[in-house]
Amino acid sequence: MKFIDLRSDTVTEQPIFMKEAMFNAEVGDDVYGDDPTVIKLEELASKIVGKESALFVPSGAFGNQLSLFTHCSRGSEVIIADSNHIIAHEVGASSIIAGVQLRAIDSPNGVLKASEIEKRVRFENEDIHFPSTSLICIENAHSSGNVLTIKEMKEIYEVAKKYNLPVHLDGARIFNASTALNIDVKEITKYCDSVMFCLSKGLCAPVGSILAGSKEFINKARKKRKLMGGGLRQAGFLAAAGIVSLEEMTKRLKEDHDNAKLLAEELNKIPEIDVDFNNLKINMVFFKFNDNSIDTKALVNYFLENNIKINDVENGLMRFVTHYWIKDEHIHKVVNTLKEFLSETK
Ligand SMILES: *Cc1c(COP(=O)(O)O)cnc(C)c1O
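The structure presented is a predicted model; accordingly, all values stated were derived computationally and were not measured.

Draft legend 1. Structural view of the site of the ligand. Around the ligand, 14 residues are found, and the nearest of them are G60, A61, D170, R173 and K201. Between the ligand and the protein, one listed contact pairs a nitrogen atom with a side-chain N or O atom of D170 at 2.6 Å. Separating an oxygen atom of the ligand from a side-chain N or O atom of K201 is a distance of 2.7 Å. In isolation the ligand exposes 380 Å². Once the protein is present, 83% of that is buried. For the shell around the ligand, the element with the most residues is helix 3 (residues 60-71), which contributes three residues.

Draft legend 2. Examining the side chain of D256 more closely. Structurally, the position occupied by D256 is in helix 12 (residues 253-268). Discounting chain neighbours no more than four positions away, the residues touching D256 are N283, T322, H323 and Y324.

Draft legend 3. The pairing of strand 10 (residues 284-289), seen in detail. Of all six residues that make up strand 10, five are buried, and the element is covered over most of its length. Examined bridge by bridge, strand 10 and strand 12 (residues 318-321) share four bridges and lie antiparallel to one another. Of the residues in strand 12, the one forming a bridge with M284 is V321.

Draft legend 4. Structural view of the pattern of salt bridges. Taken as a whole, this structure holds 21 salt bridges when the rule is applied. One salt bridge connects R7 with D5, and the closest N-O pair in it is separated by 2.7 Å. Classification of R7 as partly exposed rests on a relative accessible area of 29%. R120 is the partner of E116 in a salt bridge, and the nearest nitrogen-oxygen pair spans 3.0 Å. Taken together, the residues span about one helical turn, with E116 and R120 both in helix 6 (residues 114-120) at a distance of four residues. On the basis of relative accessibility, which here comes to 19%, the residue R120 falls in the buried class.

Draft legend 5. Structural context of the packing of aromatic side chains. Per the counting criterion, the structure on display carries eight aromatic pairs. Seen in terms of ring centroids, Y157 and Y191 are 6.1 Å apart; in terms of plane orientation they differ by 70 degrees. Their pairing is edge-to-face. Taken together, the residues Y157 in helix 7 (residues 150-162) and Y191 in the loop between helix 9 (185-189) and strand 7 (194-198) connect sequence positions 34 residues apart. Neither residue differs from the other here; Y157 and Y191 are each classed as buried. Ring centres of F287 and F289 lie 5.7 Å apart, and the angle between their planes is 85 degrees; on these two criteria the pair is classed as edge-to-face. Both residues of the pair, F287 and F289, belong to the buried class. Among the aromatic residues, those joined into a cluster by ring pairs are F287, F289, F303 and F320. The ring centre of F130 lies 4.9 Å from the NZ or CZ of R122, which sits over that ring. K309 extends its terminal NZ or CZ atom over the ring of F3, reaching a point 4.3 Å from the ring centre.

Rules used throughout
Residues numbered from 1 in each chain as written. Predicted model: local features only at pLDDT ≥ 70, side-chain atom pairs only at ≥ 80, totals over all residues. Heavy atoms only, no water. Near = heavy atom within 4 Å. Polar contact = N/O pair within 3.5 Å; in protein donor to acceptor, adjacent residues only side chain to side chain. Areas by Shrake-Rupley, 256 points an atom, 1.4 Å probe, with all protein chains shown as cover. Helix = DSSP H or I, 4+ residues; strand = E, 2+ residues; numbered from the N terminus. Contact = heavy atoms within 4.5 Å. Buried < 20%, exposed > 50% of the residue type's maximum accessible area, 1.4 Å probe, protein only. Pairing = 2+ DSSP bridges. Salt bridge = Lys/Arg side-chain N within 4 Å of Asp/Glu carboxyl O. Phe/Tyr/Trp six-rings, centres within 6.5 Å; stacked < 30°, edge-to-face > 60°. Lys NZ or Arg CZ within 6 Å of the ring centre and 35° of its normal.

Below, the structure written as structure tokens:
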């Protein structure tokens, strides 16, 4: 391994047994509906998340935007936390693809209060000025490193059902959430109508995500996926990796979470560092420097010279992400390198 890469779990390359499964995949043309490996992945995925149907999509953002595009009519309104990936990191796509207005609620850790949602629900015939609400979006695990509890999920779902609104779950890291909560993933997905999750992050697939929901919803989404240019041909090579992700990689995520805890504890021993232990639920460690004189750009460069890749601060926070390729010894090297940097630059 040339680099210790803590920028994200999206950087995970494929272990050899995953490459073998890809190499040996039986494929067809999935736009004609006859790629057996894609069909197998979609059936497996729908079973695991407890939904009638599932669809293989090129990326997580694609799956989220396809979901909005399928659930919502143009000009309608989606209630969502303003920190969610759909708002913060998808280039404003929902205004272009689904043509919806996002009604954002301030929530840095992604927890929406049912009462705050209820206040914002608007109806078709209520007032000539109002758009009508078409969807509620939630995110679990949340990008802040937080995991929504089952109680929080359930309260949101209940208010949605009271007004007959669908709930879409951005579950890019849903298996990290279920690992953190120590429950079956179906216990989470029963509080949503559609769910997107990534095969490509901590689950080590090279490419791909899943959108799951009712049969009717997925049939509609399949056609809209084609419209968005997401009809893939011999996608079985990618689906084969996704099957390994679901069968094998979902079971080992606790290791990444334990490594994140170890990393957090070691980092927090450094006097200049404050770790955010409240949002230490999955494979991400967030921390800040309590000393303003630290040049984080110089830190990024210093790490790179030592074959460690990290991102610079975002919104005042550093984020280190653990994954399949990060082991004990790497964590110690990272912490020691950080200590060296601090002592050299003081
Ligand atoms: C990564 C991520 C996505 C998008 O996935 P891509 O495959 O990078 O498009 C969506 N939501 C959340 C919460 C994510 O972390």
